[in-house]
2 protein chains.
Amino acid sequence: MAGAEWESLEQCLEKHLPLPELQEVKRILYGKETRLLDLPRRAVEAANQGDFELQGHAFAAAAAEQMRPPRLIRVGLVQNKTPLSTKAPVAEQVSALHKRIEAIVEVAAMCGVNIICFQEAWSKSLVVLSLPPLISKCFDEKLAKKHSMVVISPILERDHSHGDVLWNTAVVVSDSGAVLGKTRKNHIPRVGDFNESTYYMEGNLGHPVFETHFGKIAVNICYGRHHPLNWLMYSINGAEIIFNPSATIGSLSESFWPIEARNAAIANHCFTCAINRVGQECFPNEFTSGDGEKAHKDFGYFYGSSYVAAPDGSRTPGLSRNRDGLLVAELDLNLCRQMNDLWSFKMTGRYKMYAEELAEAVKPDYNPHIVRE
Amino acid sequence: MAGAEWESLEQCLEKHLPLPELQEVKRILYGKETRLLDLPRRAVEAANQGDFELQGHAFAAAAAEQMRPPRLIRVGLVQNKTPLSTKAPVAEQVSALHKRIEAIVEVAAMCGVNIICFQEAWSKSLVVLSLPPLISKCFDEKLAKKHSMVVISPILERDHSHGDVLWNTAVVVSDSGAVLGKTRKNHIPRVGDFNESTYYMEGNLGHPVFETHFGKIAVNICYGRHHPLNWLMYSINGAEIIFNPSATIGSLSESFWPIEARNAAIANHCFTCAINRVGQECFPNEFTSGDGEKAHKDFGYFYGSSYVAAPDGSRTPGLSRNRDGLLVAELDLNLCRQMNDLWSFKMTGRYKMYAEELAEAVKPDYNPHIVRE
């Protein structure tokens, strides 16, 4: 059942487990319980009409502080299929995607979302092939300004200033409508069919954090979630929420998915937002990665399951594995510093030692520290 | 139900979920299915008689390789209560612990265990207070030699060569019976009641890896599991299995527990063994960490739940939350390099960049990379 026919882990558990046991299972699997957000009726209706899932969850309140008011904000995570076939004319594909996203963003606005993030390379189907990548900058700015919402828009960037090369990029648009900046995918997969290293290079913008009206945010694109150091550097630069727009398939990574972003939230005293594509995308040309599988025209099944994790180890349920969806999560950013003060991973991190050990380890003649009898 | 009355997540799921759904839940929660080991009847009987849990699981086979035979080995994870009250004379406490561990190791030997690891500071109850820490070196050497088993023995070490200071240490004894070496806890908690920083200092032995007859192993003691860089350096030095002997309680970390060691196995292409104490320990003197709780004589409930995670993201079920136990896991170390070759996190890790970024980040005048409107 690695495909669309199994909807979600949470639905299965809620259906079969008696209440006291369900609570215990959830405590261990999900940490402190989140509560359902009371979303406006018109948002729910619009989602139904638009045929996409809408979930809203609030994390348990952070402790009250004497010197800071709560910093409650709402994030929106969008997962979606590509509405048209990859054989349709490119302009039509893009226009259909814009229309789809616009409808979901409208609902996010009704739900009071302050920061919204789309899936990796949302503005087109995943494979670049010979199609010209499209920057949807104007579209994002329009949406941001209209809804006073920070928009994180992961796209494929054509870099006109550097020989028209491609980057896997996320543009961050302020709620004022101005482009705040961009960040690039730092780690590029070289895994099976995900031959992205033949399309673009490792990001060269370091680990920028964007200070928005709603908190300090960063974007760790897709495969970067497998690299704990990538999360760490965003956190060291002050990120309170790290978004992880992704595109990953069931047979490859589904058992990693609930682990990695959540571990990053714990290890870095921050919120993380894991966003995956959903559905299956079929391409005009067949391909193979020489792994023994027959040549094929799709990557496999993108299993959705987008979720938000908190620095206290709790997490929201995931969106479904098979439907477009918007996940709204309410969180109090004060929890980040509270967890930092409680657990002290930054104080106990010994980063100087690791900087030195890593600097040694990358030397060509490095001699690993091995003890032999 | 944060205490002893709830036995384990796995037992609850197996009891209530219909088979096809159970399989799907397990696929997402635990990855590729492990299979039950067929353990010798006399081992099962001895465990019953000794009143401790015995579980045996084998991970899915690694791919067959033309140039290397499979490297199948068995690890043993031991979790146990302290048999006597902390008010009993120290020598009696230690002797009872030795007896208990010896009985469990006997069963491990019957089950063909090659490498065994005890819980953090196993040779005494957790709080040092004014009791003299005891090194159980002779005991470990005897066991190792008797059973041709590598023994990892986490103890409190009295360092006679350096002013009688204490370390939180793990001694690694080769299957020949010789001490192969030792490693020290690199990160010391400063969290609530876990005021260990007043007992011993951060380890000064770096990240040694021990080359045994059964594979290359390392020991990341307790709180070090919250630090992804700690796991990483053991892995860079070549560890194929990283043991994590711990002592942690339900209200603090139970929702972190299934995440962290498993994330480390994924991120580092290695096996990880998460071992926790079990039960409640009550001490003669009351203590408080000034967190608003009344002075008390115990840490809280150590929830056991020891497990093994594999580099492909799969994991064994956990031992129970409330019983002494031995978990035997059969694994093929070839899987480490296979996952390394598939996922390439080491090749794509960009450690040079991180060494430089961390070296900057620790400077007192470091200016975090923040983008403002």
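Above: the structure in question.
What counts and what doesn't
- Residues numbered from 1 in each chain as written.
- Chains lettered and ligands numbered in written order.
- Predicted model: local features only at pLDDT ≥ 70, side-chain atom pairs only at ≥ 80, totals over all residues.
- Heavy atoms only, no water.
- Helix = DSSP H or I, 4+ residues; strand = E, 2+ residues; numbered from the N terminus.
- Rg over C-alpha atoms; globule rule 2.2 N^0.38 Å.
- Buried < 20%, exposed > 50% of the residue type's maximum accessible area, 1.4 Å probe, protein only.
- Lys, Arg positive; Asp, Glu negative; His and termini not counted.
- Charge placed at Lys NZ, Arg CZ, Asp CG, Glu CD.
- Pairing = 2+ DSSP bridges.
- Contact = heavy atoms within 4.5 Å.
- Axes fitted to C-alpha atoms, helices over the stretch in contact; angles between N-to-C directions.
- Least-squares fit on C-alpha atoms with pLDDT ≥ 70 in both.
- Right-handed = clockwise from strand over helix to strand, strands pointing away.
- Phe/Tyr/Trp six-rings, centres within 6.5 Å; stacked < 30°, edge-to-face > 60°.
- Salt bridge = Lys/Arg side-chain N within 4 Å of Asp/Glu carboxyl O.
- 1 Å grid on protein atoms, 1.4 Å probe; cavity = no way out; pocket = protein on both sides within 12 Å on 5 of 7 lines; lining within 4 Å.
- Points joined across faces, edges and corners; volume = space filled by probe spheres on them.
- Arc of directions from axis to C-beta.
- Buried area = accessible area lost by both parts, 1.4 Å probe.
- Polar contact = N/O pair within 3.5 Å; in protein donor to acceptor, adjacent residues only side chain to side chain.
- Nonpolar A, V, L, I, M, F, W, Y, C, P; charged D, E, K, R; others polar.

> What should I look at first to understand the overall build of chain A in this one?
The number of helices and strands found in chain A is 10 helices and 18 strands. Computed over its C-alpha atoms, the radius of gyration of chain A comes to 21 Å, within 12% of the 21 Å expected for a compact globule of 373 residues. If one aligns the C-alpha atoms of chain A with their principal axes, the spans along those axes are about 65 × 55 × 45 Å. Going through the 373 residues of chain A one by one, you find that 64% of them count as buried. If the 39 positive side-chain charges of chain A are averaged to one point and the 44 negative ones to another, these points end up 3 Å apart.

> I'm lost on the sheet that holds strand β8 (residues 209-212) of chain B in this one. Help?
One key point about sheets: their strands pair by backbone hydrogen bonds, in either a parallel or an antiparallel sense. Pairing within the open sheet is mixed, and its 6 strands lie in the order β18(A)-β8(B)-β9(B)-β10(B)-β11(B)-β16(B). Edge strands, defined here as strands with exactly one partner in the open sheet, are β18 (370-371) of chain A together with β16 (307-309) of chain B. The strands touched by helix α8 (residues 257-268) of chain B within the sheet are β10 (241-245), β11 (271-275) and β16 of chain B, with β16 of chain B carrying the most contacts at an inclination of about 35°.

> Help me out: how do you make sense of the relation of the copies chain B and chain A in this one?
With an axial shift of 0.0 Å and an RMSD of 0.0 Å, the rotation relating chain B to chain A amounts to 180°. Between the two chains, the operation in question is that of a two-fold axis. Ranked by how close their C-alpha atoms come to the rotation axis, the residues of chain B are headed by A355 of chain B, at 2.3 Å. Taken together, the interface assignments show that 98% of the residues at the interface of chain B recur at the interface of chain A, consistent with an identical surface on both copies.

> What am I meant to see in the pairing of strand β3 (residues 72-79) of chain A here?
Residues and elements named next belong to chain A. In terms of residue burial, β3 counts as a mostly covered element, since 7 of its 8 residues are buried. Note: β3 against strand β17 (residues 325-332), 8 bridges, orientation antiparallel. Note on β17: the bridge partner recorded for V78 is L326. Relative to strand β4 (residues 115-117), β3 is paired through 3 bridges, and the arrangement is parallel. From the neighbouring strand, G76 faces β4, where its bridge partner is I116. Tracing the backbone out of β3, into helix α4 (residues 90-110) and back to the parallel element β4 gives a crossover that is right-handed.

> When you look at unusual backbone geometry in this model, what are you seeing that I'm missing?
Residues other than glycine predominantly adopt negative phi, and peptide bonds predominantly adopt the trans conformation. Here the phi dihedral of D51 of chain B falls at roughly 55°; this positive angle occurs in a residue that is not glycine. One can find D51 of chain B in the loop between α3 (41-50) and β2 (53-58).

> Just to check I follow, could you spell out the packing of aromatic side chains for this structure?
Two measures describe an aromatic ring pair: the distance that separates the ring centres and the angle between the ring planes. Residues and elements named next belong to chain B. Scanning the model with the defined rule gives 22 aromatic pairs over all chains in all. With 6.1 Å between their ring centres and 85° between their planes, W257 and Y307 make a pair best called edge-to-face. Pair noted here: W257 is in helix α8 and Y307 is in strand β16, with a separation of 50 residues, a long-range link. No difference in accessibility class separates W257 from Y307, as the two residues are buried.

> I keep staring at the sheet that holds strand β6 (residues 165-173) of chain A and nothing clicks. Help me out?
Residues and elements named next belong to chain A. Strand order across the open sheet formed by 8 strands is β1-β2-β17-β3-β4-β5-β6-β7, with mixed pairing between neighbours. Sheet topology places β1 (35-36) and β7 (179-184) at the edges, where each strand pairs with a single neighbour. The strands touched by α4 are β2 (53-58), β3, β4 and β17; relative to β17, the strand with the most contacts, the crossing angle is about 35°.

> Got a minute to help me understand the pattern of salt bridges in this structure?
Side chains carrying opposite charge are able to pair once their charged atoms draw close together. Residues and elements named next belong to chain A. In total, this model carries 50 salt bridges over all chains according to the counting rule given. Its salt-bridge partner being K142, residue E102 comes within 3.2 Å of it at the nearest N-O pair. Taken as a pair, E102 in helix α4 and K142 in helix α5 (residues 137-147) lie far apart in primary sequence, 40 residues in all. The partly exposed category is assigned to K142, whose relative accessible area is 44%. The salt bridge involving E360 is made with K363; its shortest N-O contact spans 2.8 Å. Assessed through its relative accessible area of 39%, E360 is described here as partly exposed. When its relative accessible area of 38% is taken as the criterion, K363 is described as partly exposed.

> Looking at this structure, I do not really get empty space enclosed by the protein. What am I missing?
Remark: the empty space left among the atoms is shown by a probe the size of a water molecule rolled over them. Scanning the entire structure with this criterion turns up 7 cavities of 30 Å³ or more. Taken together, 34 residues line the largest cavity, and the ones lying closest to its centre are P228 and L229 of chain A together with H227, P228 and L229 of chain B. Counting residues per element, the ones that place at least two in the lining of the largest cavity are α6 (228-236), α8 (257-268) and α10 (351-361) of chain A together with α6 (228-236), α8 and α10 (351-361) of chain B. Of the residues forming the lining of the largest cavity, the biggest block, 6 residues, is contributed by α8 of chain A.

> Hey, could you run me through helix α1 (residues 9-16) of chain B in this one?
An α-helix turns once per 3.6 residues; consequently, residues spaced three or four apart project the same way. Of all the positions in α1 of chain B, only L9, E10, C12 and L13 of chain B are classed as buried. The buried residues of α1 of chain B occupy an angular sector of 160° when the element is viewed end-on, so they sit on one face. For α1 of chain B, the elements touching its buried residues are α1 (9-16) and α2 (19-30) of chain A together with α2 (19-30) of chain B.

> Can you help me understand the interface of chain B and chain A in this one?
Many descriptions give the size of an interface as the accessible area lost when the pieces come together. If you look at the interface, chain B gives 89 residues, while chain A gives 87 residues. Buried area between chain B and chain A, summed over both chains or domains, comes out near 8,000 Å², and the portion from carbon and sulfur atoms is 67%. Run the count over chain B and chain A and you get 4 salt bridges. A salt bridge links E211 of chain A to R372 of chain B; the shortest N-O distance between them is 2.9 Å. At the boundary of chain B with chain A, the tally comes to 42 residue pairs in polar contact (both at pLDDT 80 or more). Examining the composition of the side of chain B that touches chain A, we find that 9 residues originate from one element, α10 of chain B, more than from any other. Classifying every residue of the side of chain B that touches chain A gives 48 nonpolar, 23 polar and 18 charged. Both β18 of chain A and β8 of chain B contribute to a ladder of 2 bridges, which runs parallel. Among the inter-strand pairings, I370 of chain A is bridged to a residue of β8 of chain B, identified as V209 of chain B.

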